[in-house]
Amino acid sequence: MSSAVFGLVGVLLGSLSTSLLTIYRERLTTHREQTARDEQHERDRNTARDIFQRDSILALQSAVSDLIRAAYTELDRILAELNQTDHWTARKWETPTATGWSDAVLRLELAQARVFDDQLRSLAAELRTLAGESIWAKSLAASKRHSQKMEPVYRQFNEAVTSALPSLY
């Protein structure tokens, strides 16, 4: 009888230890799986964020280029008028909208709102201001002054884009 009791106790201890080890192993496996899912979710989230930022930065760069192109097109129109009339005709509210200007401004503002990088947003805003001031200038000299500031800021903007993009790939 004592061997039966020892056998029963052995079976019970074996079952108990097996159950405890199974529970421990399941919890450990569940914890590892949860950690792996969390890490994968974080990687997926970071990848989506990087893709969003990369696309937004490229859209902002395109909008800035279009804005500058529209400003130069308008300046060419004003300069052609200056050559014909020998008089600087400052833009007024009634002047027809510069070709592509409104679209470029709207696209710039849309893309600018999606970019997280403060420096890129700031440089884009500065370029918009300089472009606007150059075409709304009251004199040729003022227009030249604003236009000449655009190129270095545009270069600085593109350098900032060049710095920001590699980390997003």
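Residues numbered from 1 in each chain as written. Predicted model: local features only at pLDDT ≥ 70, side-chain atom pairs only at ≥ 80, totals over all residues. Heavy atoms only, no water.

Caption draft 1: Here's a closer look at the side chain of R54. Mapped onto the secondary structure, R54 falls in helix 1 (residues 2–85). Buried charge R54 goes without a salt bridge, the closest partner of opposite sign being D55 at 4.5 Å. Excluding anything up to four places from it in sequence, R54 contacts L165, L168 and Y169. (Helix = DSSP H or I, 4+ residues; strand = E, 2+ residues; numbered from the N terminus. Buried < 20%, exposed > 50% of the residue type's maximum accessible area, 1.4 Å probe, protein only. Lys, Arg positive; Asp, Glu negative; His and termini not counted. Salt bridge = Lys/Arg side-chain N within 4 Å of Asp/Glu carboxyl O. Contact = heavy atoms within 4.5 Å.)

Caption draft 2: The environment of R107, seen in detail. Here R107 is to be found in helix 2 (residues 101–114). Judged by relative accessible area, which is 28%, R107 ranks as partly exposed. In the structure, R107 is positioned 86 residues away from L21 in sequence and 61 Å away in space, judged by C-alpha atoms. Contacts of R107, omitting those with residues within four sequence positions, involve S62, A63 and D66.

Caption draft 3: Representation of the side chain of S147 in the model. Topologically, S147 is positioned in helix 4 (residues 140–164). Judged by relative accessible area, S147 falls into the buried class, the value being 12%. Beyond its immediate chain neighbours, meaning those up to four positions away, S147 contacts Y72, L75 and S134.

Caption draft 4: The packing of helix 1 against helix 2, seen in detail. Contact geometry for helix 1 and helix 2: axes closest at 8 Å, N-to-C directions at 155 degrees. Taken together, the axis directions place helix 1 and helix 2 in an arrangement best described as roughly antiparallel. Our pair here, helix 1 against helix 2, has a crossing hand that is left-handed. Note on element contacts: helix 2 touches helix 1 through W101, A104, V105, R107, L108, A111, Q112 and R114, opposite F52, Q53, S56, A59, L60, S62, A63, V64, D66, L67, A70 and A71. In terms of residue class, the contact of helix 1 with helix 2 is made up of 13 nonpolar, 4 polar and 3 charged. (Axes fitted to C-alpha atoms, helices over the stretch in contact; angles between N-to-C directions. Parallel < 35°, antiparallel > 145°, perpendicular 65-115°, else oblique. Left-handed = near helix turned anticlockwise from the far one by under 90°. Nonpolar A, V, L, I, M, F, W, Y, C, P; charged D, E, K, R; others polar.)

Caption draft 5: Structural context of the pattern of salt bridges. Inspection of the entire model under this criterion finds 9 salt bridges. Two residues, R69 and D66, come together in a salt bridge whose shortest N-O distance is 2.5 Å. Placement of both R69 and D66 in helix 1 is noted, with a separation of 3 residues, approximately one turn of the helix. Put simply, D66 and R107 hold a salt bridge, and the shortest N to O gap is 1.9 Å. Taken as a pair, D66 in helix 1 and R107 in helix 2 lie far apart in primary sequence, 41 residues in all. Judged by relative accessible area, D66 falls into the partly exposed class, the value being 22%. Via salt bridges that share partners, D66, R69, D103 and R107 belong to a single interconnected network.

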